[in-house]
Amino acid sequence: MSLLASPEFWVALFQIILINIVLSGDNAVVIALACRDLPQRQQKKAIVFGSVGAIVLRVVLTFFAVYLLTLPYLKLIGAALLLWIGVGLLKGEDDGEELSANSNLAAAIKTIIVADLVMSLDNVIGVAAAAKGNIPLLVIGLVISIPLIIYGSTLILKLMARFPVIITIGAGLLGWVAGEMALSDPAVKDWAEGQHTLHLLAPAIGAALVVATGKWLTIRATSQGAMAPAGDRTAA
């Protein structure tokens, strides 16, 4: 009960849920694409069995990531990876659209599991970082997130399209968690504990860096597209 009474517990739980929801938009696209050619009566089976299989593998990977993040220097690498993932989220990178549909139930389930596994690196690292080694918190966060991802994926995609600020908030959260993760690495933890200002400054810098870099790259890509010759844009 003391765990549930801790404000830090609820903040971390909210971070885990939000990270899972924001980073699972591409996974929702994978499910839709893989099942679109199935008969309607088989679509629900493919979604349920494929999602369950993908979630089980994701949980295993997340527990493995929690262990790895206890080793020196790996949290620093993980923090850099989180910053990269956050920037990519704002750039709108999504490989799920390249997925082909399947007319066979077993093939659709396999496609969902394999594609979700490949695309879940961001979820695994983000959730493991937000949990900060707290296994009960990790389990609770994943359990709450799973039905939100499976049954709310369509709604989530619509909300993201209507309110893009949700994606920006999620990307900024990844930068914030990256800053916290870097300071908790065993290689620098003892030194960082004496730097009280740094514990607020590093996460804030991480969040600002992700949002600013992501927005800048998006604006640059848009400008380059607008400046490209008409022939090049037509060919693209």
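I will try to describe carefully the structure that is included in this document. (Residues numbered from 1 in each chain as written. Predicted model: local features only at pLDDT ≥ 70, side-chain atom pairs only at ≥ 80, totals over all residues. Heavy atoms only, no water.)

Helices and strands together make up the secondary structure of the protein, namely 11 helices and zero strands. Reading the protein from its N terminus to its C terminus gives the helix and strand order α-α-α-α-α-α-α-α-α-α-α. Relative to its full complement of 236 residues, the protein shows a buried share of 42%. Within the protein, contacts between residues at least 6 apart in sequence are counted, and of these 85% link residues at least 24 apart. Just so you have it, the protein exposes about 13,100 Å², and 70% of that area is on carbon and sulfur atoms. (Helix = DSSP H or I, 4+ residues; strand = E, 2+ residues; numbered from the N terminus. Buried < 20%, exposed > 50% of the residue type's maximum accessible area, 1.4 Å probe, protein only. Contact = heavy atoms within 4.5 Å. Areas by Shrake-Rupley, 256 points an atom, 1.4 Å probe, with all protein chains shown as cover.)

With 36 residues, the main nonpolar core has Ile 19, Leu 82 and Met 181 as its most contacted residues. The set of elements that each furnish at least two residues to this core consists of helix 1 (7-23), helix 3 (40-68), helix 4 (74-91), helix 6 (121-131), helix 7 (135-162), helix 8 (165-183) and helix 10 (198-227). For this core, the element with the highest residue contribution is helix 1, accounting for nine residues. Membership of the second largest hydrophobic core comes to six residues, among which are Leu 38, Ala 46, Ala 108 and Ile 112. (Core = buried A, V, L, I, M, F, W, Y, C linked by side-chain atoms within 4.5 Å.)

With that settled, consider unusual backbone geometry. Of note in this structure, Tyr 73 is not a glycine but carries a positive phi near 75°. Along the polypeptide, Tyr 73 turns up in the loop between helix 3 and helix 4.

With respect to the helices, strands and loops of the structure, Phe 49 is situated in helix 3. Between the C-alpha atom of Phe 49 and that of Leu 105, which follows or precedes it by 56 residues, the distance is 9.9 Å.

The subject of this paragraph is helix 8. Look at helix 8: 27 Å from first C-alpha to last across 19 residues, which is about the 27 Å you get at 1.5 Å a residue. Within the span of helix 8, buried status applies to Thr 168, Gly 170, Ala 171, Gly 172, Leu 173, Leu 174, Gly 175, Val 177, Ala 178, Gly 179, Met 181 and Leu 183. (Expected span 1.5 Å × (residues − 1).)

Their axes nearest at 8 Å, the elements helix 4 and helix 8 cross at an angle of 170°. Considering the angle they form, helix 4 stands roughly antiparallel to helix 8. Together, Lys 75, Leu 76, Gly 78, Ala 79, Leu 82, Leu 83, Ile 85, Gly 86, Leu 89 and Leu 90 of helix 4 and Ile 167, Thr 168, Gly 170, Ala 171, Leu 174, Gly 175, Val 177, Ala 178, Met 181 and Ala 182 of helix 8 make up the contact between the two elements. Considering only residue class, the contact of helix 4 with helix 8 consists of 14 nonpolar, five polar and one charged. (Axes fitted to C-alpha atoms, helices over the stretch in contact; angles between N-to-C directions. Parallel < 35°, antiparallel > 145°, perpendicular 65-115°, else oblique. Nonpolar A, V, L, I, M, F, W, Y, C, P; charged D, E, K, R; others polar.)

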